[in-house]
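Structural description and commentary
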Amino acid sequence: MKGIGKRVTVGFLSIVALLFISGMISLFELSNMSNDTEDILSATKRNIEISNELLNTVNEHGRAVVGVVILGNRARIDDCHRLVSELEGAVSVARNEALDASRLDPLSASVAQLRSMTDAYFEATEPVEVPVISADSIVIGTNLEVPKTTKSGREWYDSEYKAASDKVIASIEEFMTHTHASLAPRAEQLNKNAYRSVTPVLISLVVMIAIVLMFFYFIRIYCVKPLLRLNKALSDYMAFRLPFNVKDELIDEYKELYDNIETLVNLNKQQNNKQ
């Protein structure tokens, strides 16, 4: 390639191309890192929401059961059924969104156990109509009686329901722990993406420093020094009539400039000789 202009143009265009490519790579990696960060934050937020919903529903179900078995407010049995259904629905939603649905099997089993146990107790304590018979074996009316169970409501709550409820809560906590643990590899990948997004910029910076130093060297050697020698030789000729001569080997436009100046100097000498 000939020509100082072409050399400088190619050099600076190479720098621009390098910066553009490294910038695009960094932008791509930063975009991936942003998407990964958003996914991790969304998954964490969703996990917290589902876990809070499960825990709140379990607590509400416990209060409703207390109202039925201890306070005797059987009107809250419908609330118990509704809350268990909401708990099963939340577990189903978590199962659909989980990466490993099998991790939710213990939670599903504990919720099913909680439903079956409370339904069985409510059924065993449901009031039934008992006919009232006179001494003459004539039915004179009916009376409501509550079937007797082996345990009182408080005893059943403390010994059976509390254990089943604690099992559900432990399963929810295990689900939360597993979900957070499953995010650890993605967080590690996010760390790698951060390094990958910064690395091209650092490499470009190092290369840019090297290229700038190289350009400084070559411009000084091939542009500045020849220009200074040409100017000095021309100044010596004009001031002291010294021979116009540049010792350094010139290339490209500087060689043409030297030849043109030398031609002018020779023409000037010829004209001076004729005069």
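Please read these numbers as outputs of a predicted model, since none were measured by experiment.

1. Here's the deal with the overall build of the protein
Scanning the protein from terminus to terminus reveals six helices and two strands. Tracing the protein from N to C terminus, the helices and strands come up as α-α-α-β-β-α-α-α. Counting contacts in the protein only where the partners sit at least 6 residues apart, residues at least 24 apart contribute 66% of the total. Of the roughly 18100 Å² of accessible surface on the protein, 60% is carried by carbon and sulfur atoms.

2. Quick word on a nonpolar patch on the surface
On the surface, Phe20, Ile21, Met24, Ile25 and Leu27 cluster together into a nonpolar patch covering about 500 Å² of accessible area. Its location among the elements puts Ile25 in helix α1 (residues 4-69). Relative accessible area serves as the criterion here: at 39%, Ile25 is assigned to the partly exposed category.

3. With respect to the side chain of Ser165
For Ser165, the position within the fold is in helix α4 (residues 153-182). Not counting chain neighbours up to four residues away, the residues in contact with Ser165 comprise Val58 and Leu114.

4. Some points on the confidence of the model for the protein
Mean pLDDT over the protein: 77, with 84% of residues reaching 70 or higher. Contacts for the low-pLDDT stretch residues 139-145, under 50 throughout, to residues beyond four places or in other chains number 21 contacts.

5. Quick notes on the packing of helix α2 (residues 77-97) against helix α3 (residues 105-124)
Interhelical geometry of α2 versus α3 gives an angle of 170 degrees and a closest axis separation of 10 Å. With respect to their mutual orientation, α2 and α3 come out roughly antiparallel. For the pair α2 and α3, the sense of crossing is left-handed. From α2, Ile77, Cys80, His81, Val84, Ser85, Leu87, Glu88, Val91 and Arg95 reach across to α3, where they touch Asp105, Leu107, Ser108, Val111, Leu114, Arg115, Asp119 and Phe122. Per-class residue counts for the contact of α2 with α3 are nine nonpolar, three polar and five charged.

6. Structural notes on the nonpolar core
Core analysis: the largest hydrophobic core is formed by 28 residues, its most contacted members being Leu54, Val65, Val69, Leu107, Phe122, Trp156 and Val168. Put simply, the parts of the chain that give this core at least two residues each are α1, α2, α3 and α4. One finds Phe244, Tyr254, Ile261 and Val265 within the second-largest nonpolar core, a separate group that totals 11 residues.

7. Observations regarding the pattern of salt bridges
With the rule as written, the count across this model stands at nine salt bridges. The residue Lys232 makes a salt bridge to Asp236 at a minimum N-O spacing of 3.1 Å. Placement of the pair is Lys232 and Asp236 together in helix α5 (residues 184-240), with a separation of four residues, close to one helical turn. Judged by relative accessible area, Lys232 falls into the exposed class, the value being 54%. We classify Asp236 as buried; its relative accessible area is 19%. Residues joined in a network through salt bridges with shared partners are Arg76, Asp79, Arg82 and Glu86.

8. Re the environment of Glu60
Along the chain, Glu60 falls in helix α1. When its relative accessible area of 34% is taken as the criterion, Glu60 is described as partly exposed. Linking Glu60 and Cys80, residues 20 residues apart in sequence, is a C-alpha distance of 8.5 Å.

9. Considering the packing of aromatic side chains
For the coordinates displayed, the defined rule picks out three aromatic pairs. Residues Tyr121 and Trp156 carry aromatic rings whose centres are separated by 4.1 Å and whose planes lie at 15 degrees to one another, so their mutual orientation is stacked. Placement of Tyr121 in helix α3 and of Trp156 in helix α4 is noted, with a sequence separation of 35 residues between them. Given a relative accessible area of 4%, Trp156 falls into the buried group. Ring centres 5.2 Å apart and planes at 25 degrees place the aromatic pair Tyr157 and Tyr161 in the stacked group. Here Tyr157 pairs with Tyr161, and both are found in helix α4, just four residues apart, close to one helical turn. By the burial criterion, Tyr157 is buried, and Tyr161 matches it. Within the aromatic cluster, the residues linked to one another by ring pairs are Tyr121, Trp156, Tyr157 and Tyr161.

Here is what the cut-offs are and how they apply
- Residues numbered from 1 in each chain as written.
- Predicted model: local features only at pLDDT ≥ 70, side-chain atom pairs only at ≥ 80, totals over all residues.
- Heavy atoms only, no water.
- Helix = DSSP H or I, 4+ residues; strand = E, 2+ residues; numbered from the N terminus.
- Contact = heavy atoms within 4.5 Å.
- Areas by Shrake-Rupley, 256 points an atom, 1.4 Å probe, with all protein chains shown as cover.
- Patch = residues over 30% accessible without salt bridge, like charges linked within 9 Å, V, L, I, M, F, W, Y side chains within 5 Å.
- Salt bridge = Lys/Arg side-chain N within 4 Å of Asp/Glu carboxyl O.
- Buried < 20%, exposed > 50% of the residue type's maximum accessible area, 1.4 Å probe, protein only.
- pLDDT = per-residue confidence, 0-100.
- Axes fitted to C-alpha atoms, helices over the stretch in contact; angles between N-to-C directions.
- Parallel < 35°, antiparallel > 145°, perpendicular 65-115°, else oblique.
- Left-handed = near helix turned anticlockwise from the far one by under 90°.
- Nonpolar A, V, L, I, M, F, W, Y, C, P; charged D, E, K, R; others polar.
- Core = buried A, V, L, I, M, F, W, Y, C linked by side-chain atoms within 4.5 Å.
- Phe/Tyr/Trp six-rings, centres within 6.5 Å; stacked < 30°, edge-to-face > 60°.

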